[in-house]
Amino acid sequence: MNIHRRLLVSALALGIAGALPSFAAAEGLIAIITPSHDNPFFKAEAIGAEAKAKELGYDTVVMVHDDDANKQSELFDSAIASGAKAIILDNAGADATVSAVQRAKDAGIPSFLIDREITASGVAVSQIVSNNYQGAQVGAEEFVTLMGEEGKYAELLGRESDTNAGIRSSGYHDVIDQYPDMEMVAQQSANWSQTEAYTVMETMLQANPDIKGVISGNDTMAMGAWAALKAAGREDVIVVGFDGSNDVRDSILEGGIKATVLQPAYRQAQLAVEQADMYIKTGSTGAEEKQLMDCVLINGDNASNLETFALAN
Amino acid sequence: MTRTLMTATCLLALLPMVSGCKIVKNPDPNDAEHAAAQMTDEERMAALVAEVYEPKLLPYMDEKAQEIGAVLPAIASDLNAAGESLGIPKASEGSPWNFVAKGEGVVIASNRESRAAKLEVDVNGDNEADLSIQLGPVIKGTALRDATSFFVFTDFRDQIEFAKLARALNDQAGAAIEIPEGDLVGQTVSFTGAFSLPRQSDAILLVPVHLAVGG
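Residues numbered from 1 in each chain as written. Chains lettered and ligands numbered in written order. Predicted model: local features only at pLDDT ≥ 70, side-chain atom pairs only at ≥ 80, totals over all residues. Heavy atoms only, no water.

## Some remarks on the interface of chain A and chain B
Rules: Note on definitions: a residue-residue contact is assigned when non-hydrogen atoms from the two residues lie within 4.5 Å. Two parts placed together each lose some accessible area under a 1.4 Å probe, and adding up what both lose gives the buried area. The rule for a salt bridge is simple: a side-chain nitrogen of Lys or Arg has to be within 4 Å of a carboxyl oxygen of Asp or Glu. Whenever a nitrogen or oxygen atom comes within 3.5 Å of another N or O atom, the pair is scored as a polar contact, on the condition that within protein one atom can donate a hydrogen and the other can accept it, and that pairs from neighbouring residues in sequence are kept only if both atoms are in side chains.
In this assembly, 26 residues from chain A lie in contact with 21 residues from chain B. Both faces combined, the contact of chain A with chain B buries some 2100 Å², and carbon together with sulfur accounts for 50% of it. When the area that chain A buries against chain B is broken down by residue, the three leading residues are Q178, K290 and L292 of chain A, summing to 28%. Summed over the shared surface of chain A and chain B, the result is 2 salt bridges. Notably, a salt bridge pairs E93 of chain B with R267 of chain A, separated by 2.7 Å at the nearest N-O pair. Summed over the shared surface of chain A and chain B, the number is 13 residue pairs in polar contact (both at pLDDT 80 or more).

What follows is the structure, given as structure tokens:
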């Protein structure tokens, strides 16, 4: 019995050790946890953070929580168990994440959040997020201009548990609702998902065949909506996204989707690692906990300068 | 007898109201917190703005305001240098520069029909507009919030609440504007206000906290 349990423990320890790289680098380990890399946005974050961490002499372990708070909690446990020096996190829920970050803090491991906020301050060391409100307003102004300030449109919302879904919608409407001839005929969540957006768009089109525009809470949903519109022969519909992915860039350059808003995801992830490094070495990042990074409008004028969530000058 | 009973009943009925008055006179501090928790984000931020706008924000703007005649040429030569010397320190790396400026100029053009009404103002006498003064009721951007260093993002629940703060500040500034009707073209205006400038080539959209016609 006793031996059995010990064997099990060893097996677990080996499992963890096997999953993590050896501590070859001098500065220790940085754990990078994001949503699924199926969305290139999160992949760009992971790549940006990993490159900067290696440059600064850290080992890295890259993990995905698939927007599952329980899985995220387990990943935190394994990061704590492996003695990570810091955790870089794009989280799985503004409320649900607070306890996991607190647990790491209690274990002496600072967390540096990117992209999404949590609902508590003083738990993470940094929360660096895109200025989604500013970005949404910029995207909405372009959308209204493309629409000629009038017509029926639909909105695709992101996942409800994510603050970014609400703030982008709020930014869109603070602009669009000031134009009385802009009429929203449908508004539905497609949970940030391309496949879900395809289905939702099909349904919206059936109910509102005279739709003139679609404004989407992110680029993957914009891609799904565009695919559905294309399949229905409705390439006249104006679609605007949010994120600045290479997929949407290519669509813009082909004359498909009209615009998106770039979140500097790559730089954001690198900045989080720089602040982690500074905090590890000096005990302070020298910055406020919560930091906003401005977003930039991407359309036919500058799309060709966009690559992996960074805009070349 | 009946009358006495009725009077007594009335008095008894009044008692809870009387004691109710006492609670109002001596409010429990928890009540304020409770009330705040019941408010929407818009209501809570509007209440915060109403509380700080005159006693704190206006004196802050007066203290920070740089002469527009110095700010504009500095921006034209180097935005970052202008921001370092005359701007409000950036809250974080990805923030645009914010400036608080004061001065006077001549109205070159105006649009008072739009919901986003504005005056185009020439401040250096070359007969070309150097900046737009936003008159509302729709005031764009978050300059007033972001130029005010005592509003710190970390102190707010999330971006949504922080965005509502910006909106409430714009609403308050817009509501405070009192200038004569008409296009005002050719008239001199004096102003103090804030603007954000992400890029050097961007148009300056000033949100005024003081605005008066006549030099």
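## Some details on the sheet that holds strand β6 (residues 151-157) of chain A
All names here are of chain A. The following threshold applies: Strand pairing is defined by DSSP finding a minimum of two bridges between the two strands. In this description a helix means any DSSP run of H or I spanning at least four residues, a strand means any run of E spanning at least two, and both kinds are numbered starting from the N terminus. Axis definition: a line fitted to C-alpha atoms, over the contacting stretch in the case of helices. Angles run 0 to 180 degrees between N-to-C directions.
Judged by pairing direction, the sheet is parallel, and its 4 strands sit side by side in the order β7-β6-β8-β9 without closing on themselves. In this open sheet, the two edge strands, each paired with only one partner strand, are β7 (182-189) and β9 (238-240). Shown here is a sheet whose adjacent strand axes are inclined to one another by a mean of 20°, direction ignored. Alignment of strand β8 (residues 213-216) against β9, held across 3 bridges, turns out to be parallel. If you follow I215 over to β9, its bridge partner there is V240.

## Observations regarding helix α5 (residues 132-146) of chain A
Residues and elements named next belong to chain A. Inclusion rule: Here the expected span of a helix is defined as 1.5 Å times the quantity of residues minus one. Burial classification: accessible surface area is computed with a 1.4 Å probe over protein chains only, and a residue below 20% of its type maximum counts as buried, one above 50% as exposed, and the rest as partly exposed.
Taking 1.5 Å as the rise per residue, α5 with 15 residues should run 21 Å; its terminal C-alpha atoms sit 21 Å apart, in good agreement. Summarising burial for α5: 11 of the 15 residues are buried, a large majority. Those residues of α5 lying buried are N132, Y133, Q134, G135, A136, Q137, G139, A140, E142, F143 and V144. Within two residues after α5, G148 carries a phi angle of roughly 65°, on the positive side.

## Examining the packing of α5 of chain A against helix α6 (residues 163-176) of chain A
Residue and element names in this part refer to chain A. To be explicit about the condition: What sets the label is the angle itself: under 35 degrees gives roughly parallel, over 145 gives roughly antiparallel, 65 to 115 gives roughly perpendicular, and the rest give oblique. Rotating anticlockwise by less than a right angle from the far helix to the near helix defines a left-handed crossing, while the corresponding clockwise rotation defines a right-handed one. Under this grouping Gly is polar, as are all residues other than the nonpolar Ala, Val, Leu, Ile, Met, Phe, Trp, Tyr, Cys and Pro and the charged Asp, Glu, Lys and Arg.
Where α5 contacts α6, the axes come no closer than 7 Å and their chain directions differ by 45°. Accordingly, the angle class assigned to the pair α5 and α6 is oblique. Crossing angle aside, the handedness with which α5 passes α6 is right-handed. From α5, N132, Y133, A136, Q137, A140, E141, F143 and V144 reach across to α6, where they touch N164, I167, R168, S170, G171, Y172, D174, V175 and I176. Residues that form the contact of α5 with α6 fall into these classes: 9 nonpolar, 5 polar and 3 charged.

## With respect to the packing of aromatic side chains
So the rule is basically this: Note on ring pairs: Phe, Tyr and Trp rings are taken, using the six-membered ring of Trp, and paired if centres are within 6.5 Å. Classes follow the plane angle, with under 30 degrees stacked, over 60 edge-to-face and the rest tilted. Sitting over a ring, as applied to charges here, requires NZ of Lys or CZ of Arg to be within 6 Å of the ring centre and within 35 degrees of the ring normal.
Scanning the entire structure with this criterion turns up 9 aromatic pairs over all chains. Taking the centre distance of 5.5 Å and the plane angle of 85° together, the rings of Y60 of chain B and F150 of chain B count as edge-to-face. Of this pair, Y60 of chain B sits in helix α3 (residues 41-64) while F150 of chain B sits in the loop between α6 (143-146) and α7 (159-176), and the two are 90 residues apart along the sequence. Taken together, the ring pairs connect F41, F42 and F309 of chain A into an aromatic cluster. The ring of F162 of chain B carries the charged tip of R145 of chain B above its face, separated from the ring centre by 3.8 Å.

## Digging into the sheet that holds strand β5 (residues 126-130) of chain A
Residues and elements named next belong to chain A. With respect to topology, 6 strands assemble into an open sheet ordered β2-β1-β3-β4-β5-β11, the strand pairing being parallel. Single-partner strands in this sheet number two, and they are β2 (59-64) and β11 (290-293). On average, each strand axis in the sheet is inclined to that of its neighbour by 15°, with strand direction left out of account. Of the pairings in the sheet, the one linking β5 to β11 comprises 4 bridges and is parallel in character.

## With respect to the side chain of Q134 of chain A
Inspection of the secondary structure puts Q134 of chain A in helix α5. With residues near it in sequence (within four places) discarded, Q134 of chain A still touches D294 and C295 of chain A.

## Thoughts on the pattern of salt bridges
Inspection of every chain in the model, using the stated rule, returns 27 salt bridges over all chains. Note that R103 of chain A and D77 of chain A form a salt bridge whose closest N and O atoms lie 3.0 Å from each other. With a gap of 26 residues between them, R103 of chain A in helix α4 (residues 98-106) and D77 of chain A in helix α3 (residues 69-81) connect regions that are remote in the sequence. What makes R103 of chain A partly exposed here is its relative accessible area of 29%. One salt bridge connects R44 of chain B with E161 of chain B, and the closest N-O pair in it is separated by 2.8 Å.

## Some points on helix α7 (residues 194-207) of chain A
Residues and elements named next belong to chain A. Where we set the bar: In this context, the arc is that of the directions from the helix axis out to the C-beta atoms.
Over its 14 residues, α7 extends 20 Å from the first C-alpha to the last, a length consistent with the 20 Å expected when each residue adds 1.5 Å. Regarding α7, the residues found buried are A197, V200, M201, M204 and L205. The buried residues of α7 occupy an angular sector of 135° when projected down its axis, which confines them to one face. Seen from the buried face of α7, the exposed residues on the opposite side, beyond 90 degrees, are T195 and Q206. Close packing links the buried residues of α7 with β6, β7, β8 and α8 (219-231).

## Observations regarding the nonpolar core
Residues and elements named next belong to chain A. Note the threshold: What is meant by a nonpolar core is a set of buried Ala, Val, Leu, Ile, Met, Phe, Trp, Tyr and Cys residues, joined one to another through side-chain atoms within 4.5 Å.
Among the nonpolar cores identified, the biggest contains 34 residues, and L156, M201, M204, V214, L229, V239 and I257 are the most heavily contacted of them. Within the residue set of this core, elements represented by two or more residues are α2 (40-55), β6, α7, α8 and α9 (246-253). If you tally residues by element for this core, the top one is α8, at 7 residues. When near neighbours in sequence (up to four residues on either side) are disregarded, V214 contacts F143, A154, L156, M201, L229, V237, I238, V239 and V240.

## Comments concerning the packing of α6 of chain A against α7 of chain B
Put simply, α6 of chain A and α7 of chain B touch, their axes get as near as 9 Å, and they point 25° apart. The pairing of α6 of chain A with α7 of chain B is recorded here as roughly parallel in orientation. Counted together, T163, N164, G166, I167, S170 and D174 of chain A of α6 of chain A and Q159, I160, A163, K164 and R167 of chain B of α7 of chain B form the full contact between these two elements.

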